[in-house]
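This is what each chain is made of:
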Amino acid sequence: MSVDRILLTNDDGVDAAGLRALYDALATEYAVTVVAPAEDQSSVGRLLSADIAVDDHELGYAVDGTPVDCVVAGLDELVPDADLVVAGCNEGANLGAYTLGRSGTVSAAVEAAFFDAPAVATSMYVPGGDDWWKREFEAEDFSHAVRATRFLVDEAVEAGVFDRADYLNVNAPIADADRAPLRVTTPSTWYGMRAERNGDGRIGFSDPIWGRMNDGDVPDPVGTDRRAVVDGEVSVSPLSVPHAAEADAGLEELVDAYETAVRS
């Protein structure tokens, strides 16, 4: 197949700088239609609405819903001739296996896979403290992410990448260096979420990995997504849709035991 028309979405909202940066880079060669949330829908995972309001936008459509809403509405109604879905560029990284199901950006790519549409989810790592998300971004900040995404859109389909992978999860460092080489990675399996009761009847959550990333102290070997980004590389993980069934997994014996227990 060839790529002519692209459905572009995100979870930061239709007017986010990262989406516009990708749109400007892709629209020079492809017919790009944006179907993106009207407002920020970060970390909503694969949440699907019952129905959505859709408004015209200068780049396509603004949807009163989630990234998954955008992909379903886009591929089945608004842009049914799309050859490929691009989600991003997200302001903030989506690194590690445990983050993938939470991410609206990645979930958009996963949803596209169920439509048999190849997809690229692109995110940008922003180092900083707890208030890094308050930073105002310019198009130039996304340069590494945009360059890698455009290259993958141009080359990956013809190279047969999507014959073996359902979608690509791309994470790039913010563009504070001249170049960032591309590295094929797997998602890190390190998990360190913490919960702490704070004394007023609530429990707070924290993830210490982001502080460790700021210090360059990550527990991940070369070849993992997080290590690549910390090392100034663009991580690209070729992934398949989740919940692959394992043959039997030893359950057949339990099925027999269940039947025996029910009869007794």
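Summary of the structure given here. Everything numeric here is computed off the predicted structure, so don't read it as measured data. (Residues numbered from 1 in each chain as written. Predicted model: local features only at pLDDT ≥ 70, side-chain atom pairs only at ≥ 80, totals over all residues. Heavy atoms only, no water.)

### Quick word on the side chain of Thr149
Let me state the cut-off plainly: Helical segments are the DSSP runs of H or I of at least four residues, strand segments are the runs of E of at least two, and each set is numbered from the N terminus. Burial here depends on accessible area, computed with a 1.4 Å probe over protein chains only, as a share of the maximum for the residue type. Under 20% is buried, over 50% is exposed, and the range in between is partly exposed. Polar contacts, as used here, are pairs of N or O atoms within 3.5 Å; protein pairs need one atom able to donate a hydrogen and one able to accept it. Residues neighboring in sequence count only if both atoms are side-chain atoms. Contacts are assigned to residue pairs that have any heavy atoms within 4.5 Å of one another.
Along the chain, the position of Thr149 falls in helix H4 (residues 143-155). With relative accessibility at 0%, the residue Thr149 sits in the buried group. At 2.8 Å, the side chain of Thr149 and the side chain of Thr122 are in polar contact. Within the structure, Thr149 has its side chain in polar contact with the backbone oxygen of Ala145 (distance 2.8 Å). In this view, Thr149 contacts Leu22, Val86, Val120 and Thr122; residues no more than four positions away in its chain are not counted.

### With respect to helix H2 (residues 67-78)
Counted only if it meets this: An expected span of 1.5 Å times one less than the residue number is assigned to each helix.
The first and last C-alpha atoms of H2 sit only 14 Å apart over twelve residues, clearly below the 16 Å expected at 1.5 Å per residue. Regarding H2, the residues found buried are Pro67, Val68, Asp69, Cys70, Val71, Ala73, Gly74 and Leu75. Buried residues belonging to H2 abut strand E1 (5-9), strand E2 (31-37), strand E4 (60-63), strand E5 (84-91) and helix H3 (104-114).

### Describing the pattern of salt bridges
Selection rule: What counts as a salt bridge is simple: a side-chain nitrogen of Lys or Arg found within 4 Å of a carboxyl oxygen of Asp or Glu.
On inspection of all chains with the given rule, the structure shows ten salt bridges. A salt bridge links Glu111 to Arg46; its shortest N-O distance comes to 2.6 Å. Highlighted residues: Glu111 in helix H3 and Arg46 in the loop between E2 and strand E3 (54-57), separated in sequence by 65 residues. The salt bridge partner of Asp220 is Arg226, with a shortest N-O separation of 2.7 Å. The class for Arg226 is buried, based on a relative accessible area of 1%. Overlapping salt bridges bring together Arg20, Asp24 and Glu58 as one network.

### Examining the pairing of E4
Stated formally: At least two DSSP bridges between two strands are required for those strands to pair.
Taken together, the four bridges between E2 and E4 define a ladder with parallel strand orientation. Within E4, the position partnered with Ala36 by the bridge is Ala62. Two elements, E3 and E4, share four bridges in a ladder whose sense is antiparallel. From the neighbouring strand, Asp56 faces E4, where its bridge partner is Tyr61. If you look at the hairpin formed by E3 and E4, you'll find two residues sitting between the two strands.

Take it as geometry only, folks, not as evidence of what the structure does.
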